[in-house]
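Descriptive structure summary
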Amino acid sequence: MQTAEEILNIKEVKPTAVRILVLRYLLEHKKAQSLKDIEAGLLYTDRSSIFRSLKTFEENKVVHSIEDGSGMVKYAVCAEGCNCDPKDLHYHFYCTKCGLTYCLLDNPIPIIQLPNKFKMQQANMVVKGLCDKCS
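Attention in this report is confined to the structure presented alongside it. (Residues numbered from 1 in each chain as written. Predicted model: local features only at pLDDT ≥ 70, side-chain atom pairs only at ≥ 80, totals over all residues. Heavy atoms only, no water.)

**Considerations on the sheet that holds strand β1 (residues 33–34)**
One open sheet accounts for three strands, arranged β1-β3-β2; its pairing is antiparallel. Of all the strands in the sheet, just β1 and β2 (63–67) have a single pairing partner and so form its edges. Each of β1, β2 and β3 (73–77) touches helix α2 (residues 17–29); the most contacted strand, β3, lies at about 85° to it. (Pairing = 2+ DSSP bridges. Helix = DSSP H or I, 4+ residues; strand = E, 2+ residues; numbered from the N terminus. Contact = heavy atoms within 4.5 Å. Axes fitted to C-alpha atoms, helices over the stretch in contact; angles between N-to-C directions.)

Below you can see the structure in the form of structure tokens.
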């Protein structure tokens, strides 16, 4: 598994102290995390710095965001080699009991044929139910 510093270097993102902390947090937790989750885990880092880091990561395809229906956007580290192209999109699983969101990397979202001159910007497929710990 790559380190936070290696990922930032590959994606050509300046490795500031806050960015390294946020990315390490995401890598350690392995499940998609909300801004609130990250803020609670990084007690000495302010919310706006965490948010700016997440937006920079998203713009540079270090993380992808997930709207899982919980009311909070969650963030997960992109898989190695991911460029957030349509071929890289995958399903997510949201546990309705514990609130955790999992990336289902082995389940790609099928390519959808859009009408002429339509351009997809984002696709989000969420399966809801109980995770292995809650079922």
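Moving on, there is more to tell.
**A look at the sheet that holds strand β5 (residues 101–108)**
Each strand in a sheet pairs with its neighbour through backbone hydrogen bonds, running either in the same direction (parallel) or in the opposite one (antiparallel). Read from one edge to the other, the open sheet built from three strands follows the order β5-β4-β6, with strand pairing classed as mixed. Each edge of the open sheet carries a strand with a single partner, namely β5 and β6 (126–129). Averaged over all neighbouring strand pairs, the angle between strand axes comes to 30°, with direction disregarded. Taken together, the four bridges between strand β4 (residues 90–95) and β6 define a ladder with parallel strand orientation. Among the inter-strand pairings, Phe93 is bridged to a residue of β6, identified as Val127.

**As for helix α4 (residues 47–59)**
Over its 13 residues, α4 extends 18 Å from the first C-alpha to the last, a length consistent with the 18 Å expected when each residue adds 1.5 Å. Among all positions of α4, only Ser49, Ile50, Ser53, Leu54, Thr56 and Phe57 are buried. Buried residues of α4 fall within an arc of 160° about the axis and therefore sit on the same side. In α4, the exposed positions angled more than 90 degrees off the buried face are occupied by Arg52 and Glu59. Buried residues along α4 sit against α1 (4–10), α2, α3 (35–41), β2 and β3. Lys61 occupies a position one or two residues after α4 and carries a positive phi of about 60°. (Expected span 1.5 Å × (residues − 1). Buried < 20%, exposed > 50% of the residue type's maximum accessible area, 1.4 Å probe, protein only. Arc of directions from axis to C-beta.)

**Some points on the nonpolar core**
Grouped together as the largest cluster of nonpolar side chains are 19 residues, with contacts concentrated most on Val22, Leu23, Ile38, Ile50, Leu54, Phe57 and Val62. Among the elements of the structure, α1, α2, α3 and α4 are those that each provide at least two residues to this core. It is α2 that provides the largest number of residues to this core, a total of six residues. Within the second largest apolar cluster, five residues are counted, among which are Phe93, Cys95, Tyr102 and Cys134. (Core = buried A, V, L, I, M, F, W, Y, C linked by side-chain atoms within 4.5 Å.)

**As for the pattern of salt bridges**
Opposite charge on two side chains makes pairing possible when the charged atoms of those side chains draw close. Taken as a whole and assessed by the stated rule, the structure comprises four salt bridges. When the shortest N-O distance is used, the salt bridge between Lys55 and Glu58 registers 2.9 Å. A residue pair is termed a helical-turn pair when its members lie 3 or 4 positions apart in one helix, as Lys55 and Glu58 do in helix α4 at three residues. Lys55 sits in the partly exposed class, given a relative accessible area of 28%. (Salt bridge = Lys/Arg side-chain N within 4 Å of Asp/Glu carboxyl O.)

**Some words on the environment of Ile7**
Structurally, the position occupied by Ile7 is in helix α1. Along the chain, Ile7 and Lys30 lie 23 residues apart, while their C-alpha atoms are 15 Å from each other.

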